Structures are given as C-alpha cells and as structure tokens.
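Architecture and fold: a report
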Amino acid sequence: MAILNTRGDHADALTTVTGVPDHAYRGPRGQRDRDGRRKGGRRIGSHVFLIILAIYFIVPIWWLFVAATKDTAGLFSSPAFWFDDTFALFSNIGELFTHQGGIYWRWLGNSFLYAFAGGIGATILAILAGYGFAKYRFRGRNGVFGVILGSVMVPLTALVIPTFMLLSQYGIINTPWAVILPSLLSPFGVYLMRIYTQDAVPDEMLEAARIDGAGEIRTFFQVALPLLKPAIVTVLLLSVVGTWNNFFLPLAVLTDPQLLPVTVGLNRWTALSNAGAGGEQVWNLITSGSFISVIPLVLSFLFLQRYWQGGLAIGSIK
Amino acid sequence: MTTQTTAGPEPVATRRRTSAPRPRGSRLEQRRQRWGWLFVSPFLAVFALFLVFPLFYAFGMSLFTSTLATGTKFTGLGNYAKAFTDPLFMEGLLRVAAFAIVMIPAQLIVALLAALVLDSLTSWLSKLSRLLIFVPYAIPVVIGALMWSFLYSPKFGPSATLFTAVGLPTPDFLASGTIFGSLVNIVTWQWSGYYMVVIYAALRSIDPSIYEAARIDGANGLQTALRIKLPMISSSMVMVITFALIGTLQFFTEPVVLRNIAQGAIDAAYTPNMYAYSLAFSYSQFNYASAIAFSLGALVFAGSYLFLFLTRKQSGLK
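Residues numbered from 1 in each chain as written. Chains lettered and ligands numbered in written order. Predicted model: local features only at pLDDT ≥ 70, side-chain atom pairs only at ≥ 80, totals over all residues. Heavy atoms only, no water.

We now examine the overall build of chain A. A tally of helices and strands in chain A yields 18 helices and 0 strands. Looking at chain A residue by residue over its 318 residues, the buried ones come to 56%. A total accessible area of about 12700 Å² is found for chain A, and carbon and sulfur atoms account for 66% of it. (Helix = DSSP H or I, 4+ residues; strand = E, 2+ residues; numbered from the N terminus. Buried < 20%, exposed > 50% of the residue type's maximum accessible area, 1.4 Å probe, protein only. Areas by Shrake-Rupley, 256 points an atom, 1.4 Å probe, with all protein chains shown as cover.)

Structure (structure tokens):
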C-alpha cells in the first residue's frame, strides 16, 4: 500500500524538485525543529556522528591543499597534515608553466574543451530527443524509448574497446573528436529530459501556439524551451562532470601527450615518478597540479547547489 | 526497466488523450507526429553510432581469432569458451563480485546513516556537513585515487606518523592482503556523498504529516526510521544500488591508478576491464579483448536486470 502510494507521489515530488529545487527542503522544517528540541540529547550524538563523517570526507582534500603548498623535499620531511616552513605553492605553479613546456595548462585546457563540447552536445541532443519522445506520439516511439532505457544498464566501459577499434578504422583515433563524439551519448540525459518535459510543458500550451500559426520548430524554441531551463542546467551539469571525470576513454583513444585531459596527464606523471625515472620525479607538480585541477569542479558544485541537488534527485527515480 | 517506465508515464498520456481529443486519423495530425522522429533522430544517430554499432562490432570481432601464423579466421564462440575457462578472467570476475558484496553495503550504510541523521537536523553544522560529505564526488576519480595513493604511501604518507603516535605498528596498505580494503575505502569515500544526496532528497520528499501520525501512535525515532522512512524511500535505494552495482562491476580507474605504487598487489588482470584493456593495448589481442569486453557488458546488463527484477516490488518494475 505504502509503496503504491509513494510511486505516484514520488515521481511528482521529485520532478518538482528539479523545477524548484529548494521547495522540497522547505516543507517540514518547523515540525522538525520541534521534534529535535524535544530530544536534545540525541541531537548532540547526531552532530558528533556528522562531524566524524565530515572529517573523514574532508581530510584527504585538506591534505591535498597542504601538499600543494610544499616543494618535493617538504612533501617527504614535513608533517603530512600541516604546512612546511617554505610556502611553495606559487613556485610550484610557476614550475607548472615551464615543466615540459607548460603541458599541464594544455591538459587543463583539453579537459575544459572535452567536457564542454561533449557536455553541451549531449545536452542539446537530450533536450531534442526528450521533447520528441514526450510530445509526439509517432509510430515506434515506445519501442525505441524502451531500447534507450535498457541501454542505461549497458556499462559504458564495455564500449571503450569496440569504440577504439571503430574510431581507428575511420582514422579519428588520437584526435579530440575521439573523446568528444562518444561523450555525446547520454541515454540517461534523454530519460531525464523526457520525464521533465512531460510535466513541465502542457500540451494545451503547444496546441495554442500551433493555433496561433507557429510552426513546430518555433513552438519548440519559443514555448517549450524556456519551460525546460531547470532540467537543461541539470543535464548539462551532470554530463559536463561525466566527461570531465572520464578516464578510460581518453586513456584508450589518445596517445599524443598534447591531447590528454588533465586526469590522464597527471596519472602519467605519477606513473613516471613512481617508476623512479631520474628526471621525472615531479611530486610537487603532481600535488599542486591535482589541487588546481579540482578547483573548477568543486567551485561549480558549490555555486550551483540549487541545481545539482534537484538533478541528483530526479536521478533517483530512474 | 522498460516496463517500469512505460508504467510511469502512460497514465498521463492516456489522460491527455481523453482530455484533449484530436482528430487522430487526420493527415495533418499524422504529418505532425512525424516531427517526433525529427527531434529524436540526432540522438538516435549518436546512439546507433556509439552504442549499437560498437556492440555489434565487438560481438562480430569476438567471433574471429587472428594470429600472425594463420591470419584472421572465424572461430565462432571459441573466444567465449576460452574466456570462461581463462583463470585470469574468472579471477577478475570473482574479484569484482567480492568487491560488489563488500563495497556496495559499505557505501550504502554510510550514505543511509548520513542521510537519516541529516534529515533529522536543521542546524548550520548539519548543512555544512552535508556539503563536506558530498565534496569528494566533485573530485575526479583519478585525482581521488591519486590522493589516497599518497596517503597510503609508506614513503610520504601520514599513516606512519599516525600509527606510531598511538603506539601501533604501521600497516602496509598496499600489500596484496590489504589492497582490497584500501580500494573499498577509496570508493566509499568517493561515492557515499553522491548516494547520500540522492537518499536525502528522497527522504525530504516524504510528507511530514506521516511522521506526525507515527508520533501520535507512539513510534520513537528508530521505529520511524525503520518502519516509515526506509520503506518509503525503497525505490530510491533500489536505484542507488543498481548504479553502484553497474559501477562496481566495471571497476577500472582506481585499481589502475593504485597500480602505479602497488604493482605487486594489483596485476594487469585485476579486474575484467583492466584485463580487456591490457589484452587490447599491451598484447594487441583485439579479438579476445572484444570477447572479454562483450562478456562483461552482457554480465553487467544481466546482473542489473536480475537485481531490478528481484526487487520489482520496490522498483516499480512489475
């Protein structure tokens, strides 16, 4: 019974969450405060539990920040969780500009290029397909959509080696396209856009636009698209992060060091440093380079909180 | 999965069809429904090129065997017979199965406890903890694994200092006996926050008047959590587990990064994905690598489908 009830409510509530992400968090506040105050003792216990958890999750990041400010000697000799006497963050950054001709910044630029080209492209395709599935009842719609949904369970890494072989046949291996084109594939994005469009764009509104003489394309751009803004931001954020984080695909399809994204590049430096190759021991660059590379994503998550919280929530009803 | 979603949106579609009757047979209407295909086709092109085609291509490749001596010849399911009797592949499969059994509950327990505690608190401290617990998700997996490999390292890691401070012998986190736990820790650290946000959002969408009713009936906090909150978010839990399952069986990035410093404990065939990668890129055995990748893909698909089927009551897949 309860389950039957939640199914319906659930879907509605969560789609609302995307639209107005804050809304869902506002509701039960008053009642919870009363509840909490009644059991003052438990709140202390809960807070202690949370603080321990928060320390576990944040300490490695604190370590990375501290390590980024040390030179190689300091990394080995000073306390791991506190600063060394010499503050070497800026000299490390300077060295990043000169080591191997400043290739680190090239890697960072590549990561931005792949993540945005792949992410924006995937989002555009998902918006169009989601709208098509939600608002037109063409023949074969349910069958095709069923196949797309099933494909969410196909592990994308299983596709890496076949994709590599296909791309190498067409000669686009070891080019930026080899990373960007496969990143356009986001079946989950299509699914999210479809369920969102179904609720957010009323058929009556499209009908009215058509009666006023607007064509299908104009109806889509001027009536539907503005209503989809929250879901667009969500899908964009999720797919940009997905491409930025991807490791297996660029590792397989790129060999030119100039084309690597920052994740693969830093892993390469680590492998070389661990191998003990004399001139390649660049521990200070690995830590400061890692630290700089996590800043953009962490900042965008902090500033776009409203969006990702809602976005992850619609993810959960998949 | 397929049945589940058609079950979801369908009532809406039926309702709409009756509320806004259209001349369904009219030629104008039929021509308009064709626009659906136009909206959907860009995505379908990418879907065909980078998902359907690679899968068929990989399957085709896997049916052949090529050696220097004999050239390429058709061997049917020979590669599959070889794969499922190949101790390296079978060990890898068993290993990711063991990871799934340990790692998924570990992530889930941390995420669920954190979400339940956060749901019962509204202080600034709980809001801050929510953010801090989530931050690792914003760190690329490669960087997360790199950070932990530094922290585990006996050379410059803090573990020696920490353990000698409390008078215990320093464990070697990178030995073959301990690497399993070390990897579980990295994955738990990286993903629990993401799952926590999903579960938290589901908890927040529960109507608070239900808690009121439970309190009047004399339920305490624990009973409310176990008997009300948990059943009501079961569909979100099923989805979180499915995601974790798909992710774990494809385990690749973390062991590859840790292999830099723990060659002895992690071999090139540690997980099936790593095995396929090294077959393809170190030994150029593309046909056999295709068979491994295709088998893994099929097993992950079957595994997640089976899981969704077994939990069909919770997931809504009927």
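Additional details are given in the paragraphs that follow.
Taken together, the contacts link 116 residues of chain B with 122 residues of chain A. A buried area of about 11500 Å², summed over both sides, lies between chain B and chain A, and 73% of it is on carbon and sulfur atoms. At the boundary of chain B with chain A, the tally comes to 2 salt bridges. Between Arg 32 of chain B and Glu 216 of chain A there is a salt bridge; the shortest N-O distance is 3.8 Å. Linking chain B with chain A are 7 residue pairs in polar contact (both at pLDDT 80 or more). Broken down by element, the residue count for the side of chain B that touches chain A peaks at 21 residues, all from helix 3 (residues 27–62) of chain B. For the side of chain B that touches chain A, a count of residues per class yields 76 nonpolar, 28 polar and 12 charged. (Contact = heavy atoms within 4.5 Å. Buried area = accessible area lost by both parts, 1.4 Å probe. Salt bridge = Lys/Arg side-chain N within 4 Å of Asp/Glu carboxyl O. Polar contact = N/O pair within 3.5 Å; in protein donor to acceptor, adjacent residues only side chain to side chain. Nonpolar A, V, L, I, M, F, W, Y, C, P; charged D, E, K, R; others polar.)

This part is about helix 17 (residues 283–303) of chain A. The end-to-end C-alpha distance of helix 17 of chain A is 31 Å, a good match for the 30 Å that 21 residues give at a rise of 1.5 Å each. The element helix 17 of chain A is largely enclosed, with a buried count of 15 among its 21 residues. (Expected span 1.5 Å × (residues − 1).)

Take the confidence of the model for chain B next. All names here are of chain B. Of all residues in chain B, 90% attain a pLDDT of 70 or more, and the chain-wide mean is 85. For chain B, helix 1 (residues 2–7) is the element with the lowest average pLDDT, namely 39, and helix 5 (residues 87–119) is the one with the highest, namely 95. Note on residues 1–21: pLDDT is under 50 here. Beyond four places in sequence and across chains, it has 27 contacts. Taken together, the chains of this predicted complex give a pTM of 0.84 and an interface ipTM of 0.83. (pLDDT = per-residue confidence, 0-100.)

All told, the structure shown has 8 salt bridges over all chains when counted by the stated rule. A salt bridge links Glu 207 of chain A to Arg 32 of chain B; its shortest N-O distance comes to 3.8 Å. Of this pair, Glu 207 of chain A sits in helix 12 (residues 203–211) while Arg 32 of chain B sits in helix 3, which puts the two residues in different chains. The class for Arg 32 of chain B is buried, based on a relative accessible area of 15%. Among the ionic pairs, Arg 204 of chain B bridges to Asp 119 of chain B, the shortest N-O distance being 3.1 Å. Highlighted residues: Arg 204 of chain B in helix 9 (residues 179–204) and Asp 119 of chain B in helix 5, separated in sequence by 85 residues. Looking at Asp 119 of chain B, the relative accessible area reads 0%, which means it is buried. Each of Glu 207, Arg 210 and Glu 216 of chain A together with Arg 32 of chain B takes part in one network of salt bridges that share partners.

Attention now goes to the UniProt feature "transmembrane region" (unreviewed entry) in chain B. Residue and element names in this part refer to chain B. Here the UniProt-annotated "transmembrane region" (unreviewed entry) positions come out as residues 35–59, 96–119, 131–153, 173–203, 232–252 and 288–310. The span residues 96–119 is 100% helix and 0% strand, and its two end C-alpha atoms sit 33 Å from each other. Within residues 288–310, the helical portion is 100% and the strand portion 0%, while the C-alpha atoms at the span's ends are 32 Å from each other. (UniProt positions renumbered as here; feature names shortened; annotations may be inferred.)

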